[in-house]
Amino acid sequence: MILPSRLFCAPMAELTTPALRGTIRRFSKGAVLCSEMLSAGAIAAHSPHNEPLVRKLPGDDPFIYQIVGSNPRVMADACRILEARGCFSIDINMGCAAPDILKTGAGAQLLADPARAREVVAACRAATAGALSVKMRAGFEDADGKRLLGFCAMLHGEGVNFITLHGRHAKLGFRRSADWKLVSLLKKALPIPVIGNGDITAPDQALARLRETGCDAVMLGREAVKSPWIFALCERALSGSAEPLRVDLYEVFTETLRAIGTLLPERLHKSRGHRFAFYFSGNVHFSHDLFTRIRRENSIDAMTRAVEGYFDRNPGEQIREFQPVEGENQCGS
Ligand SMILES: Cc1cc2nc3c(=O)[nH]c(=O)nc-3n(C[C@H](O)[C@H](O)[C@H](O)COP(=O)(O)O)c2cc1C
C-alpha cells in the first residue's frame, strides 16, 4: 500500500467537520483528511441524525472515514455502507478513551481485548475490499513495546493495510509527551505503512519526526484546528519551497464558522462552533477574552460578530505571514 501523502489530519470528534476540512483543503490539496469518529451502530442503523456527520464533500478526497464500535457484525455493516460512499480508507478507532466508549468495549478498550479486536478487524476486512486501517494508542494502561508489536502483528495478519500510532497509552490522556520511539519500533517491525502521531505543532517538527522514525507519514490533530494551514507549511518544508504563506486570521475564522452554519444542521452549530473557536482563538493575543465572548453565543451569526468585534479592536492581529522552515528536503521528498 502506497499512502497518498506524508501528511494526515487526525480524526477529532466535533472538530473534523466538513467545514474545517474545507478550510484545511483550501490551503493544502494533498493532505489526507478524516471524518469525525463515527458510531458504527448509527451508520448501520441508517440513523438520519447521523447523516450530517457522514456527509463527505468532493474536496475531502483523499479521505478516511473513522468508525468506532466493538460488535464485529455492526462494524462490518458500517464498512460496507461507507465503502459505497467512496473513501481512501476506513479506519477502526482503537484509541478513544472516553468512558462512554470504553464501557461498550470499543475504542482503546479493544487494546485490552486482543481477541475481540481480532474479530472486529477480521469482520471489517471481509466486508470491504478497500483499504482498512487502525488508529491506536500505544496500549491501554501501559505502553509495553513487546505487547504493542504483538498486537500490531496481529492487525497486519488480519489484513490491516496501515496503522497510525499515537505514542501514549490510553490512560495517559494527553499527559506527558507522545513517545515517538514506539513509532520507530513499529516502523522497523512492520511491513505495512506506519503513521506517527502526537504533539506535532510545527513543520520542522513534522520533518524531524519523519526523518528520525522513518515513519511513512505524520498525523496532526490539535495543531490542524488551530492552524488549518499547517499542512501547507509542511508541504513547503518537504518540497524545499521558499514561498512564504500569508494568512488572514479574520477570514479563516469567520469563513470556517459560516461553513459550520451552512454545512451542518442548527442543532450542531453551538457545539461545533465553540469547539473550533476554542482552538482557533489560540492564534490571537487575547485568546481568552475572544473565546469567552464566543462561548456566550449560541448562533453562528453571533459567534461571527464576536470575531468581527475582536479584529475591529485589534486590527494589527489580522494578518500573519509564515516563512518556510530551514532544513527542507532532508526527508528526500
Ligand atoms: C477534541 C479531540 C477529539 C478527538 N477525537 C478523536 C477521534 O474521534 N478519533 C480518534 O482516533 N482520535 C481522536 N482524538 C485524538 C487525535 O486524533 C490525536 O490522536 C491526538 O490529538 C494526538 O495528536 P495531536 O497531538 O497532533 O493533537 C481527538 C483529540 C482531540 C483533542
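Keep in mind that this is a model prediction, so the values were computed, not measured.

**Quick look at the nonpolar core**
Judged by nonpolar contacts, the single largest core of 102 residues is most densely connected at Met94, Met136 and Leu155. Built from parts of two domains, this core gets at least three residues from each of domain 1 (7-239) and domain 2 (246-319). Filtering out sequence-adjacent residues up to four positions away, Met94 remains in contact with Gly107, Ala108, Leu110, Leu111, Ala117, Val121, Val134, Lys135, Met136, Arg137, Phe151 and Leu155.

**Details of the pairing of strand S5 (residues 131-137)**
In terms of burial, S5 is a largely internal element, seven of the seven residues being buried. Burial along S5 is two-sided: the residues Ala131, Ser133, Lys135 and Arg137 and Leu132, Val134 and Met136 are all buried. Here six bridges tie strand S4 (residues 89-94) to S5, and the two strands are oriented parallel to one another. Its bridge partner lying in S5, Met94 is registered against Met136. Both S5 and strand S6 (residues 162-166) contribute to a ladder of five bridges, which runs parallel. Considered in S6, the bridge of Val134 is made with Ile163. Each parallel crossover has a hand, and for S5 linked through helix H7 (residues 145-157) to S6 it is right-handed.

**Section: the domain arrangement of the protein**
Assigned domains of the protein: these are domain 1 (7-239) and domain 2 (246-319). Taking the mean C-alpha position of each, domain 1 and domain 2 sit 27 Å from one another. Contact residues are listed per partner, giving 22 residues for domain 1 and 20 residues for domain 2. In total, about 1,800 Å² of surface goes out of reach between domain 1 and domain 2, with carbon and sulfur atoms giving 67% of it. Per-residue buried area on domain 1 facing domain 2 is highest for Glu14, Lys226 and Trp229; these three make up 29% of the total on that side. Across the domain 1-domain 2 interface, the total number found is four salt bridges. Its salt-bridge partner being Glu14, residue Arg272 comes within 3.4 Å of it at the nearest N-O pair.

**Remarks on the packing of aromatic side chains**
Under the definition given, this model contains 13 aromatic pairs. Note on Trp229 and Phe280: the rings are 5.9 Å apart at their centroids and 85° apart in plane angle, and the pair reads as edge-to-face. Placement of Trp229 in the loop between helix H10 (222-226) and helix H11 (230-239) and of Phe280 in helix H13 (residues 269-280) is noted, with a sequence separation of 51 residues between them. On the accessibility criterion, Trp229 (1% relative accessible area) is buried. Residues Phe253 and Phe276 carry aromatic rings whose centres are separated by 5.7 Å and whose planes lie at 90° to one another, so their mutual orientation is edge-to-face. Pair noted here: Phe253 is in helix H12 (residues 249-263) and Phe276 is in helix H13, with a separation of 23 residues, a long-range link. Pair check on accessibility: Phe253 and Phe276 agree, each one buried. In this structure an aromatic cluster arises from ring pairing among Phe27, Trp229, Phe253, Phe276, Phe280 and Phe322. The ring centre of Phe174 lies 5.6 Å from the NZ or CZ of Arg137, which sits over that ring.

**Section: the layout of surface pockets**
Each pocket or cavity is described by its volume, and for the largest pocket that value is around 740 Å³. If you go around the largest pocket, you meet 32 residues; those closest to its centre are Pro11, Met12, Lys135, Arg137 and Phe174. Elements supplying a minimum of two residues to the lining of the largest pocket: S5, strand S8 (217-220), H10 and H13. In terms of residue class, the lining of the largest pocket is built from 16 nonpolar, nine polar and seven charged. In this structure, the second largest pocket is lined by 14 residues; those nearest its centre are Leu111, Gly139, Phe140, Arg147 and Phe151. Those elements that provide at least two residues to the lining of the second largest pocket are S5 and H7. For the lining of the second largest pocket, the element with the most residues is H7, which contributes three residues.

Scoring rules and cut-offs
Residues numbered from 1 in each chain as written. Predicted model: local features only at pLDDT ≥ 70, side-chain atom pairs only at ≥ 80, totals over all residues. Heavy atoms only, no water. Core = buried A, V, L, I, M, F, W, Y, C linked by side-chain atoms within 4.5 Å. Buried < 20%, exposed > 50% of the residue type's maximum accessible area, 1.4 Å probe, protein only. Domains from an automatic or database assignment. Contact = heavy atoms within 4.5 Å. Helix = DSSP H or I, 4+ residues; strand = E, 2+ residues; numbered from the N terminus. Pairing = 2+ DSSP bridges. Right-handed = clockwise from strand over helix to strand, strands pointing away. Buried area = accessible area lost by both parts, 1.4 Å probe. Salt bridge = Lys/Arg side-chain N within 4 Å of Asp/Glu carboxyl O. Phe/Tyr/Trp six-rings, centres within 6.5 Å; stacked < 30°, edge-to-face > 60°. Lys NZ or Arg CZ within 6 Å of the ring centre and 35° of its normal. 1 Å grid on protein atoms, 1.4 Å probe; cavity = no way out; pocket = protein on both sides within 12 Å on 5 of 7 lines; lining within 4 Å. Points joined across faces, edges and corners; volume = space filled by probe spheres on them. Nonpolar A, V, L, I, M, F, W, Y, C, P; charged D, E, K, R; others polar.

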